[in-house]
Amino acid sequence: MNHAEAHDLLAPLSLDALDLDRRGEVEAHVATCAECQRELDDLREVATALGTTGLVAPEGLWERIAARLDERPAPIEPPPLVFARDERAAPPRALGRARSALAAVSLVAAAAVVALGVGLAHESARVGSLTSALASARRGAVATALATPGHRVVTLTSSTGHDLATFVLLPDGHGYLVRDTLAPLGEGRTYQLWGIVAGRPVSIGVMGRAPRSVAFTLADATPSALGITVEPRGGSLTPAPSMVASGAV
Amino acid sequence: MEEIAEASDAQLVTHVARYSQAALAEVYRRHGGAVFGLASRVLNSRAEAEDVTQEVFLRLWNAPERFDPTRGSLRAYLMTMAHGRAVDAVRALSAARRREAADATRSFSPAPDVAQRAWDAVVSEQVAAALAALPDPERRAIELAYFEGHTYVEVARILDEPEGTIKSRIRSGMRRMRGELERRGVQGVEL
């Protein structure tokens with residue numbers, strides 16, 4: 001999607017009035033365009049005014065929120081100032097399982113602080129998403145993974161809170177993309193999956209322009225979070241400054 | 001806690017990043033009602049609006065670095081997130097379920113920020129006036145999209161108009177809203 005097309009859709013986007021594909025395409029453009037970003041931020045202030053009611057939150061809601069505050073992940077450790085290849089952690093063998101083209105990218109720790117969000121799917125939402133994930137899972141491997149004891153479901157959300165991708169991780173280190181709503185990228189770009197290990201982003205692999213079927217194997221290091229960036233085709237050694245989606249493991 | 005009460009929204013978020021629950025409570029006092037109100041309006045269900053509100057504040061707690069004060073107000077950040085989650089939920093529900101889920105949105109009684117609440121009341125009054133000043137077709141398109149969670153393509157189908165027409169109505173309506181709100185002294189709903 002070019003600048004003019006994306007710019008044309010900023011007002012509907014500010015009202016969340018785009019379908020998933022178009023939303024993804026416009027958001028992918030906005031992430032790289034300062035002018036559209038400013039305009040969208042501005043429109044969102046107008047939408048915020050539009051959504052302002054005089055309502056008061058119900059009694060007891062804060063107490064329920066407060067009760068969940070200790071469910072937070074351990075803070076991410078700041079990365080060391082300088083480092084090169086990390087020899088200690090075995091590289092996650094990014095495998096091209098099934099037919100997906102999941103090229104291996106060497107394990108390189110990046111000297112960048114990556115802001116990570118946390119998937120906040122609460123229990124009922126989690127059950128809901130799992131049910132529909134099973135329904136839409138075409139590959140037996142994903143269904144099997146979702147039925148494996150000890151599996152973990154990781155939801156990656158955009159900075160605006162939309163669920164963009166769901167992965168399932170197995171205790172043995174295998175991981176699969178369950179479903180995603182990532183918009184197809186233009187020629188020459190790819191989505192890349194990162195794991196945060198000991199506070200540092202580590203490439204798990206490139207996912208292609210329009211990920212549909214992705215499988216990977218993590219070696220002994222379990223990431224505390226997963227994140228997806230948009231990179232030039234072939235992938236990058238260090239992640240782009242802003243993640244398209246991220247979520248805690 | 002006097003310090004916290006007087007901190008700007010951006011300062012509060014830096015305290016939240018240091019795991020200050022008091023700071024998050026203050027953010028909630030200032031913006032909890034608005035977040036809940038918007039979620040209620042879109043979802044038409046108190047229980048689901050509470051879920052969305054919880055998610056929004058837990059997300060700020062878990063990932064405060066995602067709020068970038070140079071890009072806009074904290075209110076807009078929280079409301080954008082709340083609206084996105086609410087719309088995702090509403091689209092996942094069947095139309096029938098939406099109709100019967102009208103358990104409505106009453107007001108409730110904890111102790112919100114009084115000044116903020118008064119300001120919200122002013123904003124919502126001014127917004128109602130600004131909306132009323134829009135040409136009907138623009139207002140209708142914006143309301144169907146924002147409050148009922150329809151995509152602009154669906155709005156076009158509902159109103160039996162070309163998609164391009166609805167897209168431009170939303171765009172010109174939003175631009176006009178911005179002008180109207182500025183004229184009425186409501187721009188940026190920051191503290």
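Located above this text is the structure these notes cover.
Residues numbered from 1 in each chain as written. Chains lettered and ligands numbered in written order. Predicted model: local features only at pLDDT ≥ 70, side-chain atom pairs only at ≥ 80, totals over all residues. Heavy atoms only, no water.

(A) Quick peek at the overall build of chain A. Looking only at helices and strands, one finds seven helices and eight strands in chain A. The buried share among the 249 residues of chain A stands at 53%. Excluding contacts between residues fewer than 6 apart, the proportion of contacts in chain A whose partners are at least 24 apart in sequence is 62%. (Helix = DSSP H or I, 4+ residues; strand = E, 2+ residues; numbered from the N terminus. Buried < 20%, exposed > 50% of the residue type's maximum accessible area, 1.4 Å probe, protein only. Contact = heavy atoms within 4.5 Å.)

(B) Summary view of the packing of helix α4 (residues 46-62) of chain B against helix α5 (residues 74-92) of chain B. Residue and element names in this part refer to chain B. Relative orientation of the contacting elements α4 and α5 amounts to 130°, with a least axis distance of 9 Å. Comparing the axis directions of α4 and α5 gives the class oblique. α4 and α5 meet at a crossing whose hand is right-handed. Contact residues: α4 offers V52, E55, V56, F57, R59 and L60, while α5 offers L74, Y77, L78, M81, A82, R85 and A86. The residue makeup of the contact of α4 with α5, split by class, is 10 nonpolar, no polar and three charged. (Axes fitted to C-alpha atoms, helices over the stretch in contact; angles between N-to-C directions. Parallel < 35°, antiparallel > 145°, perpendicular 65-115°, else oblique. Left-handed = near helix turned anticlockwise from the far one by under 90°. Nonpolar A, V, L, I, M, F, W, Y, C, P; charged D, E, K, R; others polar.)

(C) Examining the interface of chain B and chain A more closely. Each partner contributes residues to the interface: chain B has 71 residues there, and chain A has 57 residues. The junction of chain B with chain A conceals about 6,100 Å² of combined surface from both sides, 60% of it contributed by carbon and sulfur atoms. Interface area lost by chain B to chain A is led by R66, R71 and M174 of chain B, which between them contribute 11%. Connecting chain B to chain A are seven salt bridges. (Buried area = accessible area lost by both parts, 1.4 Å probe. Salt bridge = Lys/Arg side-chain N within 4 Å of Asp/Glu carboxyl O.)

(D) Representation of the side chain of D16 of chain A. Residue position: D16 of chain A is located in the loop between α2 (10-14) and α3 (20-30). Buried and unpaired, D16 of chain A has no salt bridge, with R23 of chain A as the nearest side chain of opposite charge at 4.8 Å. When residues no more than four places from it in sequence are discounted, the contact partners of D16 of chain A are H162 of chain A together with T80, H83, G84, V87 and R91 of chain B. (Lys, Arg positive; Asp, Glu negative; His and termini not counted.)

(E) Region of the structure containing the packing of helix α8 (residues 136-146) of chain B against helix α9 (residues 152-159) of chain B. All names here are of chain B. Taken N-terminus to C-terminus, the directions of α8 and α9 make an angle of 125°; their axes are 9 Å apart at the nearest point. The orientation of α8 with respect to α9, classified from their angle, is oblique. Judged by the sense of rotation from one axis to the other, the crossing of α8 with α9 is right-handed. Touching R140, A141, L144 and A145 of α8 are V155, I158 and L159, all from α9. Residue classes in the contact of α8 with α9 are distributed as six nonpolar, no polar and one charged.

(F) Structural view of the pattern of salt bridges. Residues and elements named next belong to chain B. Scanning the model with the defined rule gives 20 salt bridges over all chains in all. Across the salt bridge formed by D136 and R139, the nearest N and O atoms sit 2.3 Å from each other. In this pair, D136 and R139 are both assigned in helix α8, three residues apart and thus about one turn of the helix distant. Taking the shortest distance from any N to any O, the salt bridge between R176 and E138 comes out at 2.7 Å. Here R176 is found in helix α10 (residues 163-183), whereas its partner E138 is found in helix α8, with 38 residues between them in sequence. Using a relative accessible area of 7% as the deciding quantity, one classes E138 as buried. A network of salt bridges, in which partner residues are shared, links D9, E26, R29 and R30.

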